[in-house]
Structure formats: C-alpha cells, structure tokens
2 protein chains.
Amino acid sequence: MTTHTYHISNKKIDCIFQASISQLENYAADNAIVILTDSKIASVYHQQLSAYRVISFEAGEANKIQETVDQIILQLLEMEIDKDALLVGVGGGVVTDITGFVASIYKRGLRFGFVPTTILAMVDAAIGGKNGVNIGPYKNMIGTILQPWFILYDYSFLQSLPHEEWVNGFAEIIKHACIKDPVLFASIQQHQLSDYMQDTELLSDLIQKNVALKFEIVALDEMEKNERLHLNFGHTIGHAIENTYQIKHGAAVAIGMVVACHLSESLSGFDLSQTVQIVQLIKQYQLPTGIEMDVDRIIKLVLADKKRAGKDIRFVLLNSIGEAAIQLIPIETIRTHLIEYTS
Amino acid sequence: MTTHTYHISNKKIDCIFQASISQLENYAADNAIVILTDSKIASVYHQQLSAYRVISFEAGEANKIQETVDQIILQLLEMEIDKDALLVGVGGGVVTDITGFVASIYKRGLRFGFVPTTILAMVDAAIGGKNGVNIGPYKNMIGTILQPWFILYDYSFLQSLPHEEWVNGFAEIIKHACIKDPVLFASIQQHQLSDYMQDTELLSDLIQKNVALKFEIVALDEMEKNERLHLNFGHTIGHAIENTYQIKHGAAVAIGMVVACHLSESLSGFDLSQTVQIVQLIKQYQLPTGIEMDVDRIIKLVLADKKRAGKDIRFVLLNSIGEAAIQLIPIETIRTHLIEYTS
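Residues numbered from 1 in each chain as written. Chains lettered and ligands numbered in written order. Predicted model: local features only at pLDDT ≥ 70, side-chain atom pairs only at ≥ 80, totals over all residues. Heavy atoms only, no water.

(A) The arrangement of the overall build of chain A in detail. The helix and strand inventory of chain A stands at 13 helices and twelve strands. Its C-alpha atoms give chain A a radius of gyration of 20 Å, within 12% of the compact-globule value 20 Å for 343 residues. Dimensions of chain A along its principal axes, counting C-alpha atoms only, are 55 × 40 × 35 Å. Here chain A, with 343 residues, has 60% of them falling under the buried criterion. Within chain A, residue pairs in contact and separated by at least 24 positions form 71% of the contacts whose partners lie at least 6 positions apart. When the accessible surface of chain A is summed, it comes to about 12,600 Å², and 49% of that surface belongs to carbon and sulfur atoms. For chain A, the centre of its 27 positive side-chain charges and the centre of its 39 negative side-chain charges are spaced 7 Å apart. (Helix = DSSP H or I, 4+ residues; strand = E, 2+ residues; numbered from the N terminus. Rg over C-alpha atoms; globule rule 2.2 N^0.38 Å. Buried < 20%, exposed > 50% of the residue type's maximum accessible area, 1.4 Å probe, protein only. Contact = heavy atoms within 4.5 Å. Areas by Shrake-Rupley, 256 points an atom, 1.4 Å probe, with all protein chains shown as cover. Lys, Arg positive; Asp, Glu negative; His and termini not counted. Charge placed at Lys NZ, Arg CZ, Asp CG, Glu CD.)

(B) Molecular detail of the sheet that holds strand β10 (residues 308-309) of chain B. Residues and elements named next belong to chain B. A sheet is described by the order of its strands in space; here three strands give the open sequence β10-β11-β12, paired in antiparallel fashion. Lying at the two open borders of the sheet, with one neighbouring strand each, are β10 and β12 (323-330). Seen against the sheet, helix α10 (residues 249-268) touches β11 (312-320) and β12 and runs at an angle of roughly 85° to β11. (Pairing = 2+ DSSP bridges. Axes fitted to C-alpha atoms, helices over the stretch in contact; angles between N-to-C directions.)

(C) Just the sheet that holds strand β11 (residues 312-320) of chain A, in detail. Residue and element names in this part refer to chain A. Judged by pairing direction, the sheet is antiparallel, and its three strands sit side by side in the order β10-β11-β12 without closing on themselves. The open sheet has two free edges, formed respectively by β10 (308-309) and β12 (323-330), since each of these has just one partner strand. Looking at chain direction, β11 and β12 are connected through eight bridges and run antiparallel. Within β12, the residue paired with S320 across the bridge is E323. Sheet contacts for helix α5 (residues 163-180): β11 and β12; angle to β12, the most-contacted strand, approximately 90°. Seen against the sheet, helix α10 (residues 249-268) touches β11 and β12 and runs at an angle of roughly 85° to β11.

(D) Structural detail: the pairing of strand β3 (residues 33-38) of chain A. All names here are of chain A. Across the six residues of β3, six count as buried, placing the element largely inside the fold. Burial of the side chains of β3 extends over both faces: I33, I35 and T37 are buried on one face and V34, L36 and D38 on the other. Judged from the five bridges that link them, β3 and strand β5 (residues 86-91) form a sheet pairing that is parallel. The residue bridging I35 from the neighbouring strand is V88, located in β5. Here five bridges tie β3 to strand β4 (residues 53-57), and the two strands are oriented parallel to one another. Note on β4: the bridge partner recorded for I35 is V54. Once you follow β3 into helix α1 (residues 39-44) and on to β4, the crossover reads as right-handed. (Right-handed = clockwise from strand over helix to strand, strands pointing away.)

(E) Inspection of the packing of aromatic side chains at higher detail. All names here are of chain A. With the rule as written, the count across this model stands at 18 aromatic pairs over all chains. Taking 5.3 Å as the distance between ring centres and 45° as the angle between the ring planes, the aromatic pair formed by F170 and Y196 counts as tilted. In this pair, F170 is assigned in helix α5 and Y196 in helix α7 (residues 193-198), connecting sequence segments 26 residues apart. A relative accessible area of 0% places F170 in the buried class. Judged by its relative accessible area of 2%, Y196 is buried. A connected cluster of aromatic rings, assembled from ring pairs, spans Y27, W149 and F150. (Phe/Tyr/Trp six-rings, centres within 6.5 Å; stacked < 30°, edge-to-face > 60°.)

(F) Molecular detail of the relation of the copies chain B and chain A. Each copy superposes on the other: chain B lies on chain A with an RMSD of 0.0 Å after a rotation of 180° and an axial shift of 0.0 Å. What the superposition gives is, in effect, a two-fold axis relating one chain to the other. When each C-alpha of chain B is compared by its distance to the rotation axis, B:Q66 comes out closest, at 4.2 Å. A symmetric contact is evident, with 97% of the interface residues of chain B recurring at the interface of chain A. (Least-squares fit on C-alpha atoms with pLDDT ≥ 70 in both.)

(G) Representation of the nonpolar core within the structure. In terms of nonpolar packing, the biggest core is built from 212 residues, with A:V102, A:Y153, A:I207, B:V102, B:Y153 and B:I207 touching the most fellow members. Ignoring sequence-local partners within four residues, the contact set of B:I207 consists of B:F17, B:I119, B:M122, B:V123, B:Y153 and B:Y155. (Core = buried A, V, L, I, M, F, W, Y, C linked by side-chain atoms within 4.5 Å.)

(H) Local environment of the packing of helix α5 (residues 163-180) of chain B against helix α6 (residues 182-189) of chain B. Residue and element names in this part refer to chain B. Two numbers describe how α5 lies on α6: the axes approach to 7 Å, and their chain directions differ by 140°. Regarding the angle of α5 to α6, the classification is oblique. Contacts from I173, I174, H176, A177, C178 and K180 in α5 reach P182, L184, F185 and I188 in α6. In terms of residue class, the contact of α5 with α6 is made up of eight nonpolar, one polar and one charged. (Parallel < 35°, antiparallel > 145°, perpendicular 65-115°, else oblique. Nonpolar A, V, L, I, M, F, W, Y, C, P; charged D, E, K, R; others polar.)

(I) Quick look at the confidence of the model for chain A. In this model, chain A carries a mean pLDDT of 95, and residues with pLDDT of at least 70 account for 99%. Interface confidence in the predicted complex, given as ipTM, is 0.87; pTM for the same model is 0.90. (pLDDT = per-residue confidence, 0-100.)

(J) Seen up close, the environment of A:V88. Residue and element names in this part refer to chain A. Among the structural elements, V88 can be located in strand β5. Under the relative-accessibility criterion, V88 is labelled buried at 0%. Along the backbone, V88 and R111 are 23 residues apart, and their C-alpha atoms lie at a distance of 8.8 Å. Not counting chain neighbours up to four residues away, the residues in contact with V88 comprise L24, I33, V34, I35, L36, T99, G113, V115 and F150.

(K) A look at the side chain of A:D221. Residues and elements named next belong to chain A. If you trace the backbone, D221 turns up in the loop between α8 (200-220) and α9 (235-245). The side chain of D221 is buried and forms no salt bridge, while R228, the nearest opposite charge, is found at 6.7 Å. Here the side chain of D221 touches E227 through a polar contact of 3.1 Å, landing on its backbone nitrogen. With sequence-adjacent residues up to four places away left out, D221 is seen in contact with N226, E227, R228 and L229. (Salt bridge = Lys/Arg side-chain N within 4 Å of Asp/Glu carboxyl O. Polar contact = N/O pair within 3.5 Å; in protein donor to acceptor, adjacent residues only side chain to side chain.)

Written as structure tokens, this is what we have:
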C-alpha cells in the first residue's frame with residue numbers, strides 16, 4: 001500500500017494505491033459509511049461490501065440522470081443518514097460522478113470518497129472533483145466541482161472488468177499522453193492491452209503515472225479556466241458523438257481525438273506524421289478512429305458544450321504529441337471540417 | 001442608494017439598498033443577464049424586466065422541487081446560455097433558493113445575484129448562500145451553500161406584496177431579535193406592522209439592521225457548525241409543521257418559536273415572563289402561536305432534519321431574549337414536550 005496526498009486549492013486528497021476496500025476503516029467506522037454502487041458490483045462483491053450499508057442502482061450512462069440522484073437521496077433520507085456520514089462511491093465513472101453529486105447536494109454537503117473499479121474511473125473520472133448528471137441529450141450539464149476526501153485503489157475489482165471496459169479506459173490514458181507526456185506515449189506504444197491486463201505491477205505503475213498527471217493539471221486550474229481545459233482533448237466532438245450514437249465514452253473520445261488531430265494539422269501546424277502515430281496507437285488499443293455521423297446533430301450538441309465562448313468553441317488542439325493548446329474556433333470551421341472528414 | 005459589501009469566507013457580497021433593478025447594469029450587460037422569477041412577478045413587473053431574457057415558473061413552496069430546477073435548466077440550454085452569463089433571481093425565497101441552486105449546478109456553476117421582492121427574502125432567504133429544493137415531505141434536503149455576487153434591494157417590488165406576505169416576513173425579523181438583538185426586539189415591540197408598511201425610511205432601517213445581523217452570523221460560521229445554527233430558532237419544529245400542515249413558513253416558524261420558548265423554560269432556565277413577551281410580539285405581528293398537531297408525524301420529520309446528531313437533535317433554545325444556545329436534546333424529550341404542549 002502506498003498513499004500519495006495531492007493538494008487542490010486548499011483541500012487534501014489521499015490516493016491509496018494497491019489497497020483493499022477494508023482499509024476504508026481508516027476514514028470512518030463501518031456503520032458511518034454508506035456505499036453507493038451499481039447493481040453488478042453490489043452482486044459480485046457482495047461479501048466485500050457486507051460490512052456496510054449499500055445503496056445500489058443500475059449502472060450505465062442512461063442512468064446518469066437526476067431521477068437516479070433523487071432515488072438515492074430518498075433512500076438516504078429513509079435510512080436517516082445525517083451529515084456526519086461518509087458516502088463512498090464504489091464503481092466506474094457513472095458511480096463516482098453520481099456519488100460526488102449526491103454528496104454535494106444531500107443536506108447541502110457530506111464527506112465522500114471513491115473506490116474506482118474501472119480503468120477509466122481510476123485514471124480519470126474519480127480524479128478532479130467534477131461530478132454530475134446528464135439532462136436530455138446534454139452530457140454533464142448538471143453538477144458541481146467538489147473534491148473527494150480520498151480515492152482508494154483496490155485492483156481486485158478489475159478481475160470482473162469486461163474486456164470492452166479495459167479498452168474504454170485506455171482512451172483516457174492515450175489522451176493524457178497526447179496532451180502532456182511524450183514519454184508516457186512512447187511507453188504505451190511499446191505495450192499491448194494484454195500486457196497491462198496480465199501484469200499488475202506494470203498496470204499499477206501506469207495508473208499511478210496517470211493519476212499524478214491528472215492531479216498536476218487539476219491542481220494548476222481546479223475551476224477549468226486554462227490548463228484543465230486541455231483534458232477535454234477529444235471530448236468536444238467525443239461527447240456529441242457519444243450522446244448521438246450511444247457508443248462507449250472511450251470509443252467516442254478516440255474518434256474525437258482523431259478529429260482534433262486533423263483540425264490541429266489545419267490550425268496549429270500539427271505534423272501529419274504525429275496524427276498517424278496517434279491513429280496507430282488508438283488502433284493498437286482496439287479503439288475506433290472514425291464513425292459515420294450526422295453533422296447537423298453533432299454541431300447542435302457542440303453548441304451546447306460548456307466550453308463554448310459566444311459563437312466560438314474553446315477547442316483543444318495539439319502542437320505536438322505531449323503539448324496541447326486551446327484555440328477559439330468558429331463553429332462554422334468545425335462544421336466544414338466535419339463535413340469533409342465524414343465524406 | 002447605499003452599498004454595503006459583506007465578506008463571507010473569501011467571498012464579497014454587495015448589498016445595494018434603496019436601489020432600482022435597472023442598476024443591474026453595474027454587474028453585467030443586459031444581454032448577458034437571465035432573470036429567473038415567478039409568473040406573478042413576471043406579469044406585474046413585465047415592463048421593468050423587459051430589457052432582459054426572463055424564465056418564469058409558478059411560485060409557491062410546492063414548486064420548490066427538482067422538476068422546476070430541471071425545467072429551468074432545459075430552458076437555459078435551449079437559450080444556449082453559457083458560463084459567462086449572470087443569473088438573477090427576482091422574487092421571494094422560493095425564487096432565490098431555486099436561482100442559487102440552479103446557478104450552483106448549471107454547467108457546474110454560474111455567477112448569480114438576487115433581487116428579493118418579499119420581506120422574508122429581503123431579511124433572510126436571500127442572505128447566507130443556502131439554496132436548494134424540497135424532496136417529498138422533506139424540506140431543503142437538496143442544495144448547496146454558495147454565496148451570491150450581490151443582493152439588490154428595490155423596494156418598489158413591495159407595492160404588490162400581499163398583506164399575508166408582510167406578516168410572513170416578520171416572523172424571521174422577530175426570530176433575529178430573539179436570538180441576537182434585544183434592542184431590535186424592543187424596537188419592533190414599539191411598532192405595528194402598518195407602521196413599516198407606510199414608512200419606507202422606517203422599513204429600510206429595519207431591513208438594513210436585519211441584513212447586517214444575518215451577515216454577521218453567517219460570516220462567523222458559513223458552514224453552520226456553531227453560531228449559524230442559532231438562525232434555526234423555531235425552525236426544527238417549524239419546518240415539520242410547515243410540511244405537514246401546508247401553512248406559511250412564517251406562521252410555522254412562529255409556532256416553532258413558541259415551542260422552543262417552552263422547551264427553553266424547562267431546559268435552559270429561560271424566564272416565563274420572556275416567553276410571554278415573545279408570544280405577545282408574535283400576536284402583535286398577526287402570527288399564530290399554536291396549532292393542533294399529529295405528534296408522531298412531526299417527530300418523524302424532525303428525525304430527518306439536517307441538524308440531527310445521532311439520536312439527539314441539535315435544538316436552538318434561548319437563555320434570554322437576545323441570547324440563543326444550542327442543546328442536544330433527545331428526540332423523546334421533544335416528543336414528550338409536544339404531547340404535553342398540544343394536549
């Protein structure tokens with residue numbers, strides 16, 4: 001077990017690596033803990049969770065909505081949970097997003113922590129304090145930014161992770177490498193997904209590097225005015241694709257990164273050979289690089305994006321692998337590019 | 001026009017007294033402002049609001065629910081409102097509570113300010129950053145604490161305020177006097193409601209005193225660990241009565257204050273003669289001092305109160321008029337007292 005304590009604004013967040021969920025006892029008595037989790041985790045890990053009160057709900061992006069939040073809050077009220085309790089989200093990004101949001105608004109705020117159980121949640125969703133739910137076709141439009149008390153990494157939960165969820169998580173790892181870390185990029189180029197699935201040490205090292213990278217960015221800019229925006233690389237188009245075509249987040253982000261690479265070639269002098277390297281790496285990790293899309297529907301959702309500034313979109317481009325930059329891009333430029341790209 | 005700037009944690013809140021709503025121009029361009037208001041205000045003050053985009057909804061405690069918040073958020077998305085906009089809640093406590101909550105969670109946070117249009121909102125609801133909505137029979141169980149940028153006092157809105165809303169607001173003024181200010185208590189003893197309704201100078205002085213008093217308490221304890229709890233005087237029982245019997249907030253708080261006075265006599269040596277003075281003042285301002293109640297229903301809601309600590313309730317008692325204190329009271333003591341009180 002290794003604990004790193006990261007600092008964001010004036011808050012401390014403990015990251016406990018190679019831990020066991022039983023170590024929640026370091027944060028609260030078992031009877032003060034309420035676990036929020038999805039019904040699959042609740043069933044498969046019934047024994048590991050038996051010491052705690054558990055509220056479970058159906059996982060999946062379709063359930064990342066206010067109705068789920070309301071149902072959880074009503075259950076917390078029925079259980080007479082007061083403000084001294086600790087909420088712990090055990091699950092993937094949907095669970096950690098919902099847990100953070102519930103903890104932000106239940107009785108105006110409770111302490112909370114995460115036990116991420118997917119690669120995507122471990123390297124991305126659980127980190128940085130962003131939480132929230134979707135409304136209609138609009139993704140993450142309701143939420144707050146509030147940091148968890150701790151993130152506990154118990155890799156035994158990965159034993160039940162489906163293959164497609166491993167693939168899903170690697171999109172964010174590739175994103176991290178693209179925007180910030182050419183050494184990380186070279187390192188994942190040299191491996192296959194199966195290497196990380198078979199070698200816990202190799203995986204743990206990868207996860208800790210990605211956690212450190214994301215905390216470094218969030219610590220510089222918790223409120224997402226500058227550097228944190230870089231983490232949206234691939235996400236502006238990615239979110240719109242994800243919501244329109246109901247594909248996995250990682251798959252949508254992978255396609256969004258390819259679009260952003262091509263835009264970077266036009267607008268920030270990004271080298272075509274580096275686009276080729278990124279496309280190759282995305283394929284190497286079994287992620288898609290394109291999709292047939294209805295450009296008008298995509299553009300409508302892009303216009304609702306939180307990163308919008310008037311008629312322009314704050315878009316993340318690459319200068320080179322490992323170096324991102326924000327450009328304000330007119331929506332018409334994006335539309336034209338998407339039409340070319342999909343024709 | 002007078003502006004006082006109050007400080008809470010590291011935030012500044014401007015209070016602009018004897019102002020006109022047109023002075024919103026000091027905070028944002030008209031086209032960057034979205035007014036949230038109730039349908040009555042939107043109709044009566046149509047002309048004063050004509051410079052702005054307006055989203056209106058039905059007022060009333062029954063609409064202080066998540067569905068209203070969701071409808072507003074969908075309208076903001078349809079209007080393509082981005083994070084640079086300013087939300088301004090123009091209305092009573094329901095409007096300011098909903099505006100603060102929407103601004104806390106829409107795209108993870110927008111700037112917001114208030115133009116309170118009721119006595120209750122002017123002296124209480126608009127101040128202190130608490131916001132939120134009800135869920136089922138549970139009051140204010142969903143929300144955040146986030147301070148507005150400004151509170152603008154335009155007394156011309158009081159011209160359309162119904163008499164019962166004037167009465168409603170004075171319950172919180174009496175509460176302020178009871179917990180913190182014997183001089184204020186003596187001053188309102190010497191007047192009638194009609195005095196304040198007829199004399200804007202007298203009213204403005206009263207409002208500014210109450211605003212200063214509430215800000216002083218909130219500044220000491222934004223997160224409601226100690227001193228801010230005093231503002232719940234009359235509210236623990238009051239909220240339960242309000243939700244059970246659908247009476248006005250001020251009426252419920254008045255009854256709750258009488259219950260708390262009697263409990264104070266038993267538990268903190270509060271003098272019976274001071275209870276008599278408070279009961280007299282409550283009657284003088286046309287508020288009720290009692291109601292026939294179903295004790296079991298009330299107790300169930302008290303147990304769900306946010307001020308609960310395990311099996312005890314953090315209850316606000318009075319030592320004397322102008323001096324409040326918190327005591328942990330077993331729920332059974334409260335039950336016994338309510339049974340005696342209502343028999």
